[in-house]
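Take a look at the letters that make up each chain.
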Amino acid sequence: MKLVRFGVSLPKSLIDKFDRLIKSQNYPNRSEAIRDLIRKSLIEEEVQSNQEIVGILHLLYVHHKRELSDKLNRIQHDHHDLIISSTHVHLNHDNCVEVILLRGKGENIKNVSNKLIAIKGVINGKLYTTSTGEKIK
Ligand code: NI
C-alpha cells in the first residue's frame, strides 16, 4: 500500500487536547489515531448512504413470554437473507441476551433491528454498525 505524508496546521490548544485524548486511548502515535478517525468518517458515510454494511445487534430480554420468543424467531426468519448468525446466551433464570450479526444494505439492517428492538419484552437493544472493510482501505 502506497503511503502519503501530509502536513496539517492546527491551533496548539486543539492538538494538545488531541494528544492527551489519544494517549488515554493508547494510540502509539498521531498517524494511527488520524487513520482511525478518517475510517470512522468513511464508515459513517457508508452507513448513511445505504451501502452494504455489517451490523451487530444485541437484544436483552426476559424469555418467559412465549409470544416474545416466537416473534423474535419469526422476524429473524423473515429476514434470513440479512442475518449471518445469532448467538443466544441464557444469562440467568429470567434473562437472555442475543447477539445477531447482519450484513446487507444499511437501511434494511436498521429496519429489521428496529423491529426486533421494539418488541414488547425486549429490555434493551442496540445496533452497532461497521463497514465490510472493502471501501476503507
Ligand atoms: Ni435464554
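Rules and cut-offs
- Residues numbered from 1 in each chain as written.
- Predicted model: local features only at pLDDT ≥ 70, side-chain atom pairs only at ≥ 80, totals over all residues.
- Heavy atoms only, no water.
- Domains from an automatic or database assignment.
- Salt bridge = Lys/Arg side-chain N within 4 Å of Asp/Glu carboxyl O.
- Helix = DSSP H or I, 4+ residues; strand = E, 2+ residues; numbered from the N terminus.
- Buried < 20%, exposed > 50% of the residue type's maximum accessible area, 1.4 Å probe, protein only.
- Polar contact = N/O pair within 3.5 Å; in protein donor to acceptor, adjacent residues only side chain to side chain.

## Structural notes on the domain arrangement of the protein chain
Reasoning step 1: Per the domain assignment, the segments of the protein chain are domain 1 (12-48) and domain 2 (52-135).
Reasoning step 2: If you average the C-alpha positions of domain 1 and of domain 2, the two centres end up 30 Å apart.

## Let's talk about the pattern of salt bridges
Reasoning step 1: Applying the stated criterion to the full structure yields five salt bridges.
Reasoning step 2: Its salt-bridge partner being Arg30, residue Asp19 comes within 2.7 Å of it at the nearest N-O pair. On the criterion of sequence distance, the pair formed by Asp19 in helix α1 (residues 12-24) and Arg30 in helix α2 (residues 30-48) is long-range, its members being 11 residues apart.
Reasoning step 3: Looking at Arg30, the relative accessible area reads 41%, which means it is partly exposed.

## Quick notes on the side chain of Ser131
Reasoning step 1: In this fold, Ser131 is placed in strand β4 (residues 122-131).
Reasoning step 2: Of the residues examined, Ser131 reaches a relative accessible area of 9% and is grouped as buried.
Reasoning step 3: A distance of 3.2 Å separates a polar atom in the side chain of Ser131 from a polar atom in the side chain of Glu46.
Reasoning step 4: Side-chain polar atoms of Ser131 contact the backbone nitrogen of Gly133, separated by 2.7 Å.

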